[in-house]
Amino acid sequence: MNGDNDNEFSVFVALHAGALQSSRIPTIYWRSLHHKITNEIYDAGEVFGIMHFQQEENEEGGEDEERKKDDNPGAVIRCKVVVTQESGLQVSEPTSVYLVDHAWTYRVDHARQQLEQIPSLLPRMADLMGVDFHGEAPDPDTVELVIMWKYNQTYELSQGSPEDKVPVWYIMDEFGSRVQHSDRPSCSMAPFFYVQGGLAYSVLWPLQDLQDRDEVTRDYTYGETDPLVRRCRLLPWIHADLEGVSSVTTEPPDSYYKSIALENKEQLPVEIQSYTVPEDQILKVYSNMSQVTNNLTHPRFQLTEEEEEADVVWSYNHIKDYRKLSEERPHVMLNQFPCESIVTVKDCMAAVARRAKGGSQPDWLPETFNLQSELPKFIKGYQQRQQRGEDNHWICKPWNLARGLDTHITNNLDYIIRQRESTPKVVCKYLEDPVLFNREEVGMVKFDIRYMLMVRSVQPLRLYAYDIFWLRFANRPFSLDHFDDYQKHFTVMNYTDGVELKQVHYDEFIPMFEKQYPLHPWKEVEAEVFNAFREFFQAASSRPAPCGVCPYPSSRAIYAVDLMLKWSTGQKGERVMQPQILELNFSPDCARACLYHPSFYNHMFQTLFLDQPEHCPVTQIA
């Protein structure tokens, strides 16, 4: 029997050692943790208890009036967790590790629906959080109140599809949620995903010996060493004054870009001479993208399955070793540039965009902060906007995901601060006054525009826009509410089952747009759009790698640029349409382009590799 147990434990360790170590769960507890999980032993109630106590208002940590309102005003009964075992709790005891159940596990886009539809969930959450709840029918306002970011915790799965990797949020049960914060915690807690059972728990263990009636506390910002960032991350629970903190963002130092280059493990190319393709040469193309191999029919290009004999390599995967390519095959043309992540990853894109205006935010980019490195600046800016009575809705986006995955819209500061605990994100000012499009069957909806940009070279900059662009529309009328309503606030519908995908071709859109906005001819709007593209790529190519896109002569690229239009005020006080660049995508999905414009890749390749843009529907913008 012991042999079987040892084998089971060895398998457990083999599967979970990385997670146990990253959570800093001491090895002394691993065997007991395995025993309790596999036997479903929840014995925390034998060692701990919840104590209710009365707290005077002047003991509430100097919270401001708004925060008191949020925290259920008038409530003076508080809870804390204490040791109730007479013998106390010893760090050296291998069984001093405890499972904490999760009362509710969800992804944010499903939270409201679950609260409204799952019986007893809303009353339980309201009771757990100390929110007054009257009646059995869920009230939308109460639902919003219950989704409180003072109680949520998060984890994410490392395997699966992009949808599977979207962070999971959870609220611990009544016991776990009552463990209070301390800068000198007596215990530690961490989420733990049991692979063999497909279940998630929280694990609690002591950091010091505890006596009967000692309080159990944990550090809500465990591992954070920067004092200012720590104060900021604790703001959902503890008010802090950020006097002296500036909200002004500037371009980050060179070390920021150098660290990204190291992380990407790109080997920069050696210097080579530019290569001119002879007019009669048939170029052999190797690609691992079916959209290319199925649609490239231009007579000057011949597909090959042997990468070694290719003149053009069009790869879906990121190229890392440019040095080897430049030394061994310098004339092989590629579909990507060294260091192009500074334009395709959202935090880098925002940093580089500031370069266009000497360090400040350009008009064509929503105000953007990096939650990892600029959290204090963002909070200060948020508070200043609040004091001025300005709109304070923001959208949190992962650095390197597309299609609206793990994207959050809110004016709740706690919500935004807590996003820093999941995947790395930027937070951008949400466009509260976008230019809308009147869908006759729906009403005034959000829309965005996707342009395909072709970069022929960066030194000198030769930049082209494909004349054909793509439109994406929301399915419900726009308003600044119900931000978890995907079909109201997002436009990417082609990856979601069971929702309408509104198709309007560019040549149909232009007269419809000009009819709705007769004072804004599309050519004038597009000129402003192209000017934004030009300024951005001029900034991105103005400095040497890794602070700028590397000017490798054999590189070419296409990028999909998504943008919206917002209403702004012109120099004479008139309302003007201001383009807002949202993101740039490497290796974009061109299925719609190929479906409706079969010559799409022929045009791309002819412009980029044959240097014959005059025979293609493209406009040179730099």
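Residues numbered from 1 in each chain as written. Predicted model: local features only at pLDDT ≥ 70, side-chain atom pairs only at ≥ 80, totals over all residues. Heavy atoms only, no water.

Caption draft 1: Seen up close, the overall build of the protein. Secondary structure summary: the protein contains 19 helices and 26 strands in total. In summary, the protein has a C-alpha radius of gyration of 28 Å against a globular reference of 25 Å for 622 residues, a match within 12%. With respect to the principal axes defined by its C-alpha atoms, the protein has extents near 90 × 65 × 50 Å. When each of the 622 residues of the protein is scored for burial, the buried share is 52%. A separation threshold of at least 6 residues defines the contact pool for the protein, and within that pool the share at least 24 residues apart is 69%. Accessible surface, the protein as shown: approximately 29100 Å² in total, 47% of it carbon and sulfur. Separation of charge centres in the protein, based on 60 positive and 92 negative side chains, amounts to 5 Å. (Helix = DSSP H or I, 4+ residues; strand = E, 2+ residues; numbered from the N terminus. Rg over C-alpha atoms; globule rule 2.2 N^0.38 Å. Buried < 20%, exposed > 50% of the residue type's maximum accessible area, 1.4 Å probe, protein only. Contact = heavy atoms within 4.5 Å. Areas by Shrake-Rupley, 256 points an atom, 1.4 Å probe, with all protein chains shown as cover. Lys, Arg positive; Asp, Glu negative; His and termini not counted. Charge placed at Lys NZ, Arg CZ, Asp CG, Glu CD.)

Caption draft 2: The arrangement of the environment of His-489 in detail. You can see His-489 is positioned in helix α15 (residues 486-489). As for His-489 and Val-168, which are separated by 321 residues in sequence, their C-alpha atoms are 21 Å apart. Residue contacts for His-489: discarding those within four places in its chain leaves Ile-409, Tyr-430, Lys-446, Phe-478, Ser-479, Asp-481, His-482 and Phe-483. Among the polar contacts made by the side chain of His-489, one reaches the main-chain carbonyl oxygen of Asp-481 at a distance of 2.7 Å. (Polar contact = N/O pair within 3.5 Å; in protein donor to acceptor, adjacent residues only side chain to side chain.)

Caption draft 3: Seen up close, the state of the cysteines. Within the structure shown, the criterion is met by 0 disulfides. Cys-79 provides the cysteine sulfur closest to Cys-187, a residue in no disulfide bond, and the two sulfurs are 17 Å apart. Cysteine Cys-616 remains unbridged, with the sulfur of Cys-594 as its closest cysteine sulfur at 15 Å. Assessed through its relative accessible area of 9%, Cys-616 is described here as buried. (Disulfide = S-S within 2.5 Å.)

Caption draft 4: Structural context of the sheet that holds strand β11 (residues 283-287). Read from one edge to the other, the open sheet built from 4 strands follows the order β12-β11-β13-β14, with strand pairing classed as parallel. Sheet topology places β12 (301-303) and β14 (333-334) at the edges, where each strand pairs with a single neighbour. Across the sheet, helix α19 (residues 600-609) is in contact with β11, β12, β13 (312-314) and β14; its angle to β13 comes to roughly 130°. (Pairing = 2+ DSSP bridges. Axes fitted to C-alpha atoms, helices over the stretch in contact; angles between N-to-C directions.)

Caption draft 5: Up close: the packing of aromatic side chains. Scanning the entire structure with this criterion turns up 51 aromatic pairs. A ring pair is formed by Phe-530 and Phe-533, whose centres lie 6.2 Å apart and whose planes are at 35°; its orientation type is tilted. With Phe-530 and Phe-533 both in helix α17 (residues 522-540), this residue pair falls 3 residues apart, about one helical turn. Each member of the pair, Phe-530 as well as Phe-533, carries the same accessibility label: buried. Taking the centre distance of 5.4 Å and the plane angle of 80° together, the rings of Phe-536 and Phe-537 count as edge-to-face. Under the relative-accessibility criterion, Phe-536 is labelled buried at 2%. Positioned above the aromatic ring of Phe-9 is the side chain of Arg-31, whose terminal nitrogen or guanidinium carbon lies 4.2 Å from the ring centre. (Phe/Tyr/Trp six-rings, centres within 6.5 Å; stacked < 30°, edge-to-face > 60°. Lys NZ or Arg CZ within 6 Å of the ring centre and 35° of its normal.)

Caption draft 6: A look at unusual backbone geometry. For the bond running from Gln-459 to Pro-460, omega is 0°, close enough to zero to count as cis. Here Pro-460 is to be found in the loop between β21 (447-458) and β22 (461-466). Of the consecutive residues Ala-545 and Pro-546, the connecting peptide bond is found in the cis state with omega at 5°. Within the element layout of this structure, Pro-546 appears in the loop between α17 and β24 (557-569). Positive phi values are uncommon outside glycine, yet Ser-120 reaches one of about 75°. Despite not being glycine, His-482 has its phi angle at roughly 45°, a positive value. Note that His-482 resides in the loop between β23 (470-473) and α15.

Caption draft 7: Spotlight on the sheet that holds strand β5 (residues 153-155). Pairing is antiparallel across the open sheet formed by 3 strands, whose spatial order is β4-β6-β5. The outermost strands of the open sheet, each flanked by one partner alone, are β4 (102-106) and β5. Between one strand axis and the next, the sheet turns through 30° on average, direction left out of account. As paired strands, β5 and strand β6 (residues 168-172) are joined by 3 bridges and run antiparallel to one another. Paired with Gln-153 across the strands is Tyr-170, a residue of β6. Sheet strands in contact with helix α4 (residues 108-117) are β4 and β6, and its direction is about 120° off that of β4. Packing of helix α5 (residues 121-128) onto the sheet brings it into contact with β4 and β6, and relative to β4 it is tilted by some 115°.

Caption draft 8: Examining the environment of Lys-446 more closely. If you trace the backbone, Lys-446 turns up in the loop between β20 (443-445) and β21. Since its relative accessible area comes to 5%, Lys-446 is described here as buried. Spatially, the C-alpha atom of Lys-446 lies 54 Å from that of Ser-96, the residues being 350 residues apart in sequence. Aside from chain neighbours lying at most four places away, what touches Lys-446 is Tyr-430, Pro-434, Leu-436, Arg-472, Phe-473, Ala-474, Phe-478, Lys-488, His-489, Thr-491 and Met-564. Here the side chain of Lys-446 touches Tyr-430 through a polar contact of 3.0 Å, side chain to side chain.

Caption draft 9: The arrangement of the packing of helix α12 (residues 346-355) against α17 in detail. Look at α12 against α17: their axes get within 8 Å of each other, and the N-to-C directions meet at 95°. By the criterion of interaxial angle, the relationship of α12 to α17 is roughly perpendicular. Contacts from Met-349, Val-352, Ala-353 and Arg-355 in α12 reach Phe-536, Ala-539 and Ala-540 in α17. Among the residues forming the contact of α12 with α17, the class breakdown is 6 nonpolar, no polar and 1 charged. (Parallel < 35°, antiparallel > 145°, perpendicular 65-115°, else oblique. Nonpolar A, V, L, I, M, F, W, Y, C, P; charged D, E, K, R; others polar.)

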